[in-house]
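# Secondary and tertiary structure notes
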Amino acid sequence: MSNIFNPQQKILCHSKKLKSFFNNQNPYPITVEIDPSNACNHSCPFCISGHIHLSKYKGTELFNRTMLSADVLKNLREDLVKTDINAINWTGGGEPTMNPHLKDTIQYIKNNSKIKMGMFSNGSMMEKFDLYETFVKCLDWIRISIDAGNEDSYNNLRVTNNSNNFKVVITNIKKLIKKKKETNSNLTIGVGFVVTKDNYNEIEEFVDTFKNIEVDYCQFKPEIIQIERSGNIDREKEQISCDFWVQKVVELLDLAKNKLGNKFECNSYKIEDLIVDAKNYGRNYRMCLGSQFQPCIGADGNVYVCTNHRGHKKYSYGNLNKNSFTSIWKDLDKRDEIMNLINNKEKFSKCTHLCKPHESNKMLWNIKENYKDSYIDDLNSKFKNINAKIKHKDFI
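Residues numbered from 1 in each chain as written. Predicted model: local features only at pLDDT ≥ 70, side-chain atom pairs only at ≥ 80, totals over all residues. Heavy atoms only, no water.

### A word on the overall build of the protein
When its secondary structure is counted, the protein shows 16 helices and ten strands. For a compact globule of 396 residues, the expected C-alpha radius of gyration is about 21 Å, and the protein comes in at 20 Å, within 12% of that figure. With the principal axes as the frame, the protein shows a C-alpha extent of 50 × 50 × 50 Å. Counting over 396 residues, the protein shows a buried share of 58%. Total accessible area on the protein is roughly 17400 Å²; 45% of this is exposed by carbon and sulfur atoms. (Helix = DSSP H or I, 4+ residues; strand = E, 2+ residues; numbered from the N terminus. Rg over C-alpha atoms; globule rule 2.2 N^0.38 Å. Buried < 20%, exposed > 50% of the residue type's maximum accessible area, 1.4 Å probe, protein only. Areas by Shrake-Rupley, 256 points an atom, 1.4 Å probe, with all protein chains shown as cover.)

### Observations regarding the sheet that holds strand E4 (residues 141-145)
Strands sit in the order E7-E6-E5-E4-E3-E2-E1-E8-E9-E10 across an open sheet of ten strands; the sheet is mixed. Because the sheet does not close on itself, it has two edges, and the strands there are strand E7 (264-266) and strand E10 (316-319). Alignment of strand E2 (residues 87-90) against strand E3 (residues 116-121), held across four bridges, turns out to be parallel. Considered in E3, the bridge of Ile 88 is made with Met 117. (Pairing = 2+ DSSP bridges.)

### Digging into the packing of aromatic side chains
One pair of aromatic rings is described through two measures. These are the centre distance and the angle between the planes. Scanning the model with the defined rule gives 17 aromatic pairs in all. With 5.2 Å between their ring centres and 50° between their planes, Phe 206 and Phe 210 make a pair best called tilted. In this pair, Phe 206 and Phe 210 are both assigned in helix H9 (residues 203-210), four residues apart and thus about one turn of the helix distant. Each of the two residues, Phe 206 as well as Phe 210, counts as buried. Members of the aromatic cluster, connected to one another through ring pairs, are Phe 193, Phe 206, Phe 210, Phe 220 and Phe 264. In this structure, Arg 77 is placed above the aromatic ring of Tyr 108, and the distance from its NZ or CZ to the ring centre is 4.8 Å. (Phe/Tyr/Trp six-rings, centres within 6.5 Å; stacked < 30°, edge-to-face > 60°. Lys NZ or Arg CZ within 6 Å of the ring centre and 35° of its normal.)

### Looking at the packing of helix H7 (residues 151-158) against helix H8 (residues 166-183)
H8 packs onto H7 with a crossing angle of 110° between their chain directions and a minimal axis gap of 9 Å. On the basis of the axis angle, H7 is roughly perpendicular to H8. In contact with Glu 151, Tyr 154 and Asn 155 of H7, H8 contributes Phe 166, Lys 167 and Val 169. Across the contact of H7 with H8, the residue classes tally to three nonpolar, one polar and two charged. (Axes fitted to C-alpha atoms, helices over the stretch in contact; angles between N-to-C directions. Parallel < 35°, antiparallel > 145°, perpendicular 65-115°, else oblique. Contact = heavy atoms within 4.5 Å. Nonpolar A, V, L, I, M, F, W, Y, C, P; charged D, E, K, R; others polar.)

### Points about H9
Of all the residues in H9, the buried ones are Ile 203, Phe 206, Val 207 and Phe 210. An end-on view of H9 places all buried positions within 100° of arc, on one side of the element. In this structure, the buried residues of H9 make contact with H8, strand E5 (188-195), strand E6 (217-222) and helix H10 (242-260). (Arc of directions from axis to C-beta.)

### Things to note about the side chain of His 51
Within the secondary structure layout, His 51 lies in helix H3 (residues 50-53). Here the side chain of His 51 touches Arg 310 through a polar contact of 3.1 Å, landing on its backbone oxygen. (Polar contact = N/O pair within 3.5 Å; in protein donor to acceptor, adjacent residues only side chain to side chain.)

### What to know about H8
The end-to-end C-alpha distance of H8 is 26 Å, a good match for the 26 Å that 18 residues give at a rise of 1.5 Å each. Taken together, the buried positions of H8 are occupied by Phe 166, Val 169, Ile 170, Asn 172, Ile 173, Leu 176, Ile 177 and Lys 180. Seen end-on, H8 carries its buried residues on one side only, within an arc spanning 160°. Exposed side of H8, more than 90 degrees from the buried face: Lys 167 and Lys 178 are the residues found there. Each element contacted by the buried residues of H8 is listed here: helix H6 (132-138), E4, H7, E5 and H9. Measuring from the backbone nitrogen of Lys 167 back to the side-chain oxygen at the start of H8 gives 3.3 Å, which picks out Asn 165 as the cap. Of the residues trailing H8, Asn 184 is marked for its positive phi of about 55°. (Expected span 1.5 Å × (residues − 1).)

Right under this line is the structure:
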């Protein structure tokens, strides 16, 4: 498995927090996912947060194209630098770089803490907000979502205009690479391709586009459908079948790997769960433990269980417009109430399969079933050589 995308191994790199958690000491999270913006200047139909910002959801309960205000971001950053969280993923929600206050926030956290930062972005706003230098100096990694093999497909899929289209994004990526070289930065720059039934035949074109652009990796992962939500406009959509992956996609990914070499990255564990366990998708754990190490702060100010529950307020621990992140995280009664709902009452019936904490849940459930401090130490010893090679281990 990749040494970048390896959540099960990454979680083992944090034995101190694991021991604290299993001994009921309530450690701070390892990774905090933060949505600076629910607004987005693209309209990807497969967006896992589409219920928040896509125009077809306007007028529904969950539609909310808000942004974290300057005051909330200021209070949040001043709070987080005093904690021992390990990393922040700037994500969405919507497009994180649409928030005009993000640049100052990133710089403040970099200058006042050891917290590591990464970002998921569509890459279209870097020029507008002059983000190149901030990114190469402050971020550990950035992944630009592409999800198409050619200019026409990209622009049609994302419903772009002249300020955020394919040419703009490619130009921005090249400028970021140039700035990385000029500053001798260690920033990891990746591009992503979410494989769907509509774009899988463009995998080779995508590869041909980026094999000669000096990104560090090209990542492939399957589209994940939130089929568990009731009342969803897209309720009729089903998770892509294992037959589709075996018959249509696997061969194309092999081709991509041959062409890209070391630049090829794939969330293979998601594909394996799709193919091998088409009923449960590998969900053989009975508690969501991973979410307690990687909560999501939504652009509406709510601190959600995880990114897959953003927008659904019954899964919120509290709101930053009323309380600090630290005080919300320390409210174990509220967190226990939410997790009891998910684990024991709903029993994951409203949780997306192959969700963000899915892989860490597998490892953490195994630890819980066998728990004692020495068991974590034994696992660390067993995987010591692997753990030493893991990249970005603070980003679960």
